[in-house]
Structures are given as C-alpha cells and as structure tokens.
Amino acid sequence: MVRLLHHSDLEGVYDDPDRVGRLVGRIRALDGPDAVVCGAGDDLAPGVLALVERGRQALDLFDAAETVVETFGNHDFDFGPERTLELVRESAPTWLSANVRRDGDRFGADAGVRPSLLCEVDGTRVGFLGLTDPDTAAINPKAAGLTFTDPVAATRRVAADLRDRGAAHVVVLSHLGAGDEALARATGVDAVLGGHVHSRRADEVAGTLLTRPGANGRAVAEVDLAAGETRLHEADGPVAADA
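This report concerns the structure included in the present document. No experiment lies behind these values; they were computed from the predicted model shown.

**Description of the pattern of salt bridges**
- This model, assessed by the stated rule, comprises 15 salt bridges.
- In this structure, the salt-bridge partner of R125 is E120, at a minimum N-O distance of 3.9 Å.
- Here E120 falls in the exposed class, since its relative accessible area comes to 56%.
- The residue R163 makes a salt bridge to D190 at a minimum N-O spacing of 2.9 Å. In this pair, R163 sits in helix 6 (residues 151-164) while D190 sits in the loop between helix 7 (180-187) and strand 11 (191-194), placing the two residues 27 residues apart along the sequence.
- Residue class for R163 comes out partly exposed when judged on its relative accessible area of 35%.
- The structure contains a network of salt bridges with shared partners spanning R3, D34, E222, E229 and R231.

Written as structure tokens, this is what we have:
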C-alpha cells in the first residue's frame, strides 16, 4: 500500500498559528510508513509572515509535517530566484522541477533541485517529478529570468526514465492548475497532485488520480495508489471516510 499526503498553496496559513497547528496535526495523524508527504507549490509565499521572513517561515512547517518532496509554484519566486535557492538549500524536502530553466540550464541543479526522485515506499518504488506553470514568468515579475519548458514533453521524458529505473507508479507534483487534466490525458501518469487553482478536487481523469487540497492549509488530500482512491480531509475536522 502506498499513500500520498498532499498539501499545496499554503500561502496565508502561516499568518494563523492555530491553523498551522491543525494542518500539521492532520498530516501527522494520517502519516505512516506507507505514506509520502508531498507539496505542490506556493508553499513559501505569499502572506504577511512570508513578507517578513522572505519564505523562511515555511521551513519549520516542512520539518514538522515531514514533507518529503516539493515543487515550485509561481509565488515561490516572490523574493527572486536566488532567495528561492537559499531556501531550497536549507529546507528538508527534495525540490523537484522537470521544466524550469535558467540561462538554458536546469534551474537550481547546484542547490539540489532535481528533475525527479525515485523512492521506495512500503516495498514499492514510486517516482516523483515536479512541474511549474509555463506562464509563471508573466505572472510573477520576480521570475522574469526563468524559462519554462512544455509540461507534457517534460513529463513524458522524465516519466519514461522513472519507469526504466523501476518505478511502479509515477506521480507528478503539478503547479499547472487547470492544465492538470490535459497532462493526465496526454501522459497516463498514475497521479497528479495539483495546485495553483484554489478549488478542491479528488477524482480521476483518464485513469489518472487527480487531487487539489485548495488554499491556505484548510485541507489535506490523500491518494491511495494501490486502491486507486482519493480523499480530502479537513485540517480541523474528522478524518474523512473513503471516497
């Protein structure tokens, strides 16, 4: 059994200490040896505390939630790419990006950013990759020096490599928003853990499981890869029954 616990678009959660505590408590209650805690971007910023800490406030949450993998959202560049990389170097998760480039090279390779990660979870090999909305440079002026390659092409390339390396499941950490469905239909990955769009979802498209927990740490999405099930859990409510 392999479960994915998915947070995204945490944004203003850091401005409400009680909500941060409830979110981390819910993740810890759901976590276990068969689970991987995943972030799908916009977890460094925005927010009032984020402006003061310039994103550093997220590091304590990553530690407390034991986030394993994370990718970049448009707001993760709010303080410029160099600050983003400072936080990458200091934070616990492995940051994944298959489609962000700077000066023609992979963004953040020297800081530990990787295109993918292969993990063994409860005896099963699971491959992860990260994607960012190609419109990010237009949305966020601080990201103007970055370029973003086609998400579908990047996913096909990296997913094939992960399968060749023995991945039984391929999971995309996606900050594409509305592009998640097209990505699922075009690539056939096992799951797309989404962000960027703040509406929630927990469903399936073309055989791919899709989740979005919404914004500001109010919910955690859960994916059971073996059972093919998705659930949403309120951060301050009882654990939801199976969908």
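**Looking at the packing of aromatic side chains**
- Tallied over the entire structure, the rule returns five aromatic pairs.
- With 4.9 Å between their ring centres and 25 degrees between their planes, F72 and W95 make a pair best called stacked. Within this pair, whereas F72 is found in the loop between strand 3 (69-70) and helix 4 (81-90), its partner W95 is found in strand 4 (residues 94-95), the two being separated by 23 residues in sequence.
- When its relative accessible area of 1% is taken as the criterion, W95 is described as buried.

**Side note on the environment of E82**
- Structurally, E82 is set in helix 4.
- You can call E82 partly exposed: its relative accessible area is 45%.
- When the C-alpha positions of E82 and G108 are compared, they lie 9.2 Å apart, and in sequence the two are 26 residues distant.

**Here we look at the packing of helix 1 (residues 17-30) against helix 3 (residues 57-65)**
- Running from N to C, helix 1 and helix 3 point in directions that differ by 30 degrees, and their axes come no closer than 9 Å. Viewed along their axes, helix 1 and helix 3 adopt a mutual orientation that is roughly parallel. Taking contact as the criterion, the partners of V20, L23, V24, I27 and R28 in helix 1 are, on helix 3, L61, A64 and A65.
- Of the residues belonging to the contact of helix 1 with helix 3, the class tally is seven nonpolar, no polar and one charged.

**Focus on the sheet that holds strand 8 (residues 124-132)**
- Pairing within the open sheet is mixed, and its six strands lie in the order 7-8-10-11-13-12. Because the sheet does not close on itself, it has two edges, and the strands there are strand 7 (116-121) and strand 12 (201-205). Sheet twist, expressed as the average angle between the axes of neighbouring strands with direction ignored, equals 20 degrees.
- Sheet topology places strand 7 next to strand 8; six bridges connect them, and they run antiparallel. The residue bridging L117 from the neighbouring strand is F128, located in strand 8.
- Across the sheet, helix 6 is in contact with strand 7, strand 8 and strand 10 (169-175); its angle to strand 8 comes to roughly 160 degrees.

Conventions adopted
- Residues numbered from 1 in each chain as written.
- Predicted model: local features only at pLDDT ≥ 70, side-chain atom pairs only at ≥ 80, totals over all residues.
- Heavy atoms only, no water.
- Salt bridge = Lys/Arg side-chain N within 4 Å of Asp/Glu carboxyl O.
- Buried < 20%, exposed > 50% of the residue type's maximum accessible area, 1.4 Å probe, protein only.
- Helix = DSSP H or I, 4+ residues; strand = E, 2+ residues; numbered from the N terminus.
- Phe/Tyr/Trp six-rings, centres within 6.5 Å; stacked < 30°, edge-to-face > 60°.
- Axes fitted to C-alpha atoms, helices over the stretch in contact; angles between N-to-C directions.
- Parallel < 35°, antiparallel > 145°, perpendicular 65-115°, else oblique.
- Contact = heavy atoms within 4.5 Å.
- Nonpolar A, V, L, I, M, F, W, Y, C, P; charged D, E, K, R; others polar.
- Pairing = 2+ DSSP bridges.

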